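So you can see what is in the structure, the chains are spelled out below.
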Amino acid sequence: TPFRDVPAVSVPDTSKITQRLAAFAESEKGASASGRALAALKAANAAVETEGGTGAGSDSRKDLTQPRPRKTRAQLESAFWQRQADAVGAKPTRAWFALERGLRGYLRSLKKRKETLETAFSLQKQNDELRGLLRQYLGADINDELLVPPSALI
């Protein structure tokens, strides 16, 4: 028969279909249009449970009708934060890592430039000090007594 096994409503054989249809008709009274399908499934499965659930494959179908155990608050929070951590996909994550590597290289070059500028400023300061000393030595009175004054060589 075509209705030998209908897993959507747990019908193990055709002899139970009429009983379940009667249970469905009883449950449909007063139900809204959107809730009729769900009410039908619940009523049909309730009819099977009241009969004892005998039939081929009734154990595997009972597992499907039992509610899942509720998750604890810690499990729900853990799942929430895992979803938050995975909010950014793989491609943007790779782009951010590449950007970070590039910025680290840029930071290294900026630090090297800073060191070079500090060295240049230090050398410029030394140069200014040496210039001052040279002017002082060239302007000394002893240079006038020499046969060849140092200012003539410069």
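Residues numbered from 1 in each chain as written. Predicted model: local features only at pLDDT ≥ 70, side-chain atom pairs only at ≥ 80, totals over all residues. Heavy atoms only, no water.

Participant: Now, about the confidence of the model for the protein chain: what can you tell me, with residues and values included?
Facilitator: Within the protein chain, residue pLDDT values average 76, and 58% of them lie at 70 or more. No element of the protein chain has a lower mean pLDDT than helix H3 (residues 58-65), which averages 55, and none a higher one than helix H5 (residues 90-138), which averages 95. Confidence drops under a pLDDT of 50 for residues 1-6, and excluding neighbours within four residues, the segment shows 13 contacts in the predicted structure. (pLDDT = per-residue confidence, 0-100. Helix = DSSP H or I, 4+ residues; strand = E, 2+ residues; numbered from the N terminus. Contact = heavy atoms within 4.5 Å.)

Participant: Can you tell me about a nonpolar patch on the surface, naming the residues and giving the values?
Facilitator: A cluster of nonpolar side chains, namely Trp96, Leu99, Leu103, Tyr106 and Leu110, defines an oily patch on the protein surface of about 560 Å² accessible area. Tracing the backbone through its elements, the reader meets Trp96 in helix H5. Judged by its relative accessible area of 59%, Trp96 is exposed. (Patch = residues over 30% accessible without salt bridge, like charges linked within 9 Å, V, L, I, M, F, W, Y side chains within 5 Å. Areas by Shrake-Rupley, 256 points an atom, 1.4 Å probe, with all protein chains shown as cover. Salt bridge = Lys/Arg side-chain N within 4 Å of Asp/Glu carboxyl O. Buried < 20%, exposed > 50% of the residue type's maximum accessible area, 1.4 Å probe, protein only.)

Participant: Describe the packing of aromatic side chains, naming the residues involved and giving the relevant values.
Facilitator: Here the structure, examined in full by the defined rule, presents 1 aromatic pair. Ring centres of Phe80 and Trp81 lie 4.9 Å apart, and the angle between their planes is 75°; on these two criteria the pair is classed as edge-to-face. By relative accessible area, Trp81 is classed as exposed at 57%. (Phe/Tyr/Trp six-rings, centres within 6.5 Å; stacked < 30°, edge-to-face > 60°.)

Participant: Talk me through the pattern of salt bridges; I want residue IDs and the actual numbers.
Facilitator: As enumerated under the stated definition, the model contains 4 salt bridges in all. We note a salt bridge from Glu100 to Arg104, for which the minimum N-O separation is 2.7 Å. Here Arg104 and Glu100 lie together in helix H5, a separation of 4 residues that amounts to about one turn. The salt bridge partner of Glu118 is Lys114, with a shortest N-O separation of 3.8 Å. Of the two residues, Glu118 and Lys114 are both situated in helix H5; the distance of 4 residues between them amounts to about one turn of the helix. A residue is classified by how much of its surface remains accessible, and Lys114, at 51% relative accessible area, is exposed.

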